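Residue-level listing of the chains:
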Amino acid sequence: MSRDALVVGINTYDRLKSLNAPAGDGEAIAQILQQYGEFQVTRLPAVKDKENQTIRIGKQTKVSLTQLERAIVQLFKPDGKPPDTALLYFSGHGLRKNLGIQEGFLATSEVNPDAGNWGLSLQWLRRLLQESEVRQQIVILDCCYSGEVLNFAEADPGDRGKGRDRCFIAASRDFEVAFEEINSQHSVLTAALLKGLEPKQDRWVSNYTLVDLLNQEHHPFPQRPIFANSGEAINLTRKWNSSPVNSTVQISAICPYKGLSYFDCTEADANLFYGRTALTDKLLEKVRSGNFLAVLGASGSGKSSVVRAGLLYQLKLGRKLLGSDTWQLKIFRPGINPLQNLALAFVESELSDIERASQLAKAEGLIAKGAVGLGQLITAAQTQRVMLVIDQFEETFTQCQDITKRQQFFECVLGALQRDDNKLCLIITMRADFFGKCLEQEYGGLAKKIQEHLVTVTPMIREELETAIIKPAEYMNLAVEPELVSQMIAYVENSPGSLPLLQYTLTELWQQRTEEGLTLTTYSKLGGVSKTKRFICQSE
């Protein structure tokens, strides 16, 4: 697997104040990537250390815009075969141009804003990343004076483009400056990065474990690093253990498949939830930028699983959306009495029975006031955002037979969205065949709201199905025969409601696993997917 890195540290500027930390920051990052990450590192500016005949980042050497552009193009769009993983680290000045349209720039040595020379455009970088064939892209921007530098979204193409796994880390929010660490030769961000990239044991440090550490770091400065991750984890560094590895495989007795159940918002379930990374990232982007999301799909398409084990679990971790680990997550099903179940969602589960009864009575009293009361509950929540999830929204039609209660419920939850602070985010999952029910009456503009904020859960593609079959078994140290994978996919591929059927069959295979793992022979004895189909009921 090819892994390339471009590490840039610019100390010297013609018209801006020269800096002390970037070259040292960059060299420290370059060395740890080489030592522990197996990266082929290009330094900029690069000078020869005559004492030990090595290449290091020059402390007094200038870097031009042309040099920086060419080096970044060579990293992400080389003439030959692109690397599997590409990492860009930049330390230096940054600038923000605000003439009608805000633009962020990475400052090169010759920048002269008075003459219209601002440096490397973050918008240009974003377009380059969109067109790049590199599958794993990491961009780390440790910019001094980042209050003047960084419109973070300019450089982040999100889920667009051809790169599937991305990591973006920046030194501070756009109104904050970036500091050097007290009693340290490094900046605050780079000091934290070096600490996080230093592997403590024989396992990979990934972009997700790295942002976990950044979230835990506390500094006396008014500075907070920001980040955005999408796709699967990207391995960065690790310690290589030369001692013999015990080849004995321990096979867990816990079944890694869910049968007819959905994957829930727990660590145990999320660790076994595979195949929906792209869809999860799409949902994360929707809730980041909006306050309503409708997730619709066929029965058995995995709507509940991707919202619970995908979206909500990632929000709980706070690894992909900065600060989402501090948000409140409320999830419920409408049932026969959706307003009462809505009130129950705001009752803390760890309370005593008496305390729960008291809290429920208060919540029901507020919910009885409709959107105003729900808005008061949201306002009182001590969090930046409240994610209110209504799972299996079609129950408002199938179980709630009181049309008046149904209408009141819709008006309550949709009316509470009319806020200026975006504190409430409403998410619903619903079977697609019930959308017509939403059109039968006005229902507070429900149908229009769904159409404007709709994400459809489509059948998994072949690669996603392979992942969903193989990875949970691998997590439990068990093999799956390739021929078995091919036959199962051939049956369920392009089938919109096949996931419960697939999971049920895999569960049966797990119950009859052998030392060789999950085998085609056992599958044939079971009669294949088609024979188990009669046991499948509509689960979602």
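Conventions adopted
Residues numbered from 1 in each chain as written. Predicted model: local features only at pLDDT ≥ 70, side-chain atom pairs only at ≥ 80, totals over all residues. Heavy atoms only, no water. Pairing = 2+ DSSP bridges. Helix = DSSP H or I, 4+ residues; strand = E, 2+ residues; numbered from the N terminus. Axes fitted to C-alpha atoms, helices over the stretch in contact; angles between N-to-C directions. Contact = heavy atoms within 4.5 Å. Salt bridge = Lys/Arg side-chain N within 4 Å of Asp/Glu carboxyl O. pLDDT = per-residue confidence, 0-100. Buried < 20%, exposed > 50% of the residue type's maximum accessible area, 1.4 Å probe, protein only. Parallel < 35°, antiparallel > 145°, perpendicular 65-115°, else oblique. Left-handed = near helix turned anticlockwise from the far one by under 90°. Nonpolar A, V, L, I, M, F, W, Y, C, P; charged D, E, K, R; others polar.

Draft legend 1. Representation of the sheet that holds strand E16 (residues 424-431) within the structure. Strand order in the open sheet formed by 5 strands is E14-E15-E16-E13-E17, with parallel pairing between adjacent strands. Among the strands making up the open sheet, the edge pair consists of strand E14 (328-332) and strand E17 (454-457). Neighbour-to-neighbour, the strand axes of the sheet open up by a mean angle of 15 degrees, direction not taken into account. As judged from the 4 bridges shared by strand E13 (residues 292-297) and E17, these two strands associate in the parallel manner. For Ala294, the partnering residue across the bridge sits in E17 and is Leu454. Contacts from helix H9 (residues 303-317) reach E13, E14, strand E15 (386-390), E16 and E17, with the element oriented near 160 degrees to E16.

Draft legend 2. Spatial organisation of the side chain of Gln503. Residue position: Gln503 is located in helix H19 (residues 499-511). With residues near it in sequence (within four places) discarded, Gln503 still touches Tyr257, Lys258, Gly259 and Phe263.

Draft legend 3. Looking closely at the pattern of salt bridges. Tallied over the full model, the rule gives 18 salt bridges. For Asp433, the salt bridge is made with Arg431, and the minimal N-O distance between the two is 2.8 Å. Sharing partners across several salt bridges, the network here consists of Asp264, Arg308 and Asp391.

Draft legend 4. Spatial organisation of the confidence of the model for the protein. Across the protein, pLDDT averages 87, with 88% of residues at or above 70. Confidence, read as mean pLDDT per element, is least for helix H4 (residues 152-155) in the protein (58) and greatest for E15 (98). The low-confidence segment residues 145-150 (pLDDT under 50) makes 35 contacts with residues lying over four places distant or belonging to another chain. Throughout residues 243-249 the model reports pLDDT below 50, and contacts reaching past four residues in sequence, or to other chains, amount to 1 contact.

Draft legend 5. Structural detail: the pairing of strand E5 (residues 85-99). Within E5, 12 of the 15 residues are buried, which leaves the element mostly enclosed by the surrounding structure. In terms of strand pairing, strand E1 (residues 3-9) meets E5 through 7 bridges, oriented parallel. Across the sheet, the residue bridging to Asp4 is Ala86, located in E5. Summarising the sheet, E5 and strand E6 (residues 101-106) pair through 6 bridges and their orientation is antiparallel. From the neighbouring strand, Leu95 faces E6, where its bridge partner is Phe105. Between E5 and E6, which follow one another and run antiparallel, lie 1 residue, and Gly100 among them has a positive phi close to 85 degrees.

Draft legend 6. Structural view of the packing of helix H17 (residues 462-475) against helix H18 (residues 482-492). Where H17 contacts H18, the two axes come as close as 10 Å, and the packing angle between them is 125 degrees. When the axis of H17 is compared with that of H18, the two are oblique. By crossing handedness, the relation of H17 to H18 is classed as right-handed. Along its contact with H17, which presents Arg462, Leu465, Glu466, Ile469 and Ile470, the element H18 presents Val485, Ser486, Met488, Ile489 and Val492. The class makeup of the residues in the contact of H17 with H18 is 7 nonpolar, 1 polar and 2 charged.

Draft legend 7. Quick look at unusual backbone geometry. Residue Pro45 follows Leu44 across a cis peptide bond; omega there is -5 degrees. Inspection of the secondary structure puts Pro45 in the loop between strand E2 (40-44) and strand E3 (46-49). If you check the backbone angles, Asn422 has positive phi at about 60 degrees while not being a glycine. Mapped onto the elements, Asn422 comes out in the loop between helix H14 (403-415) and E16.

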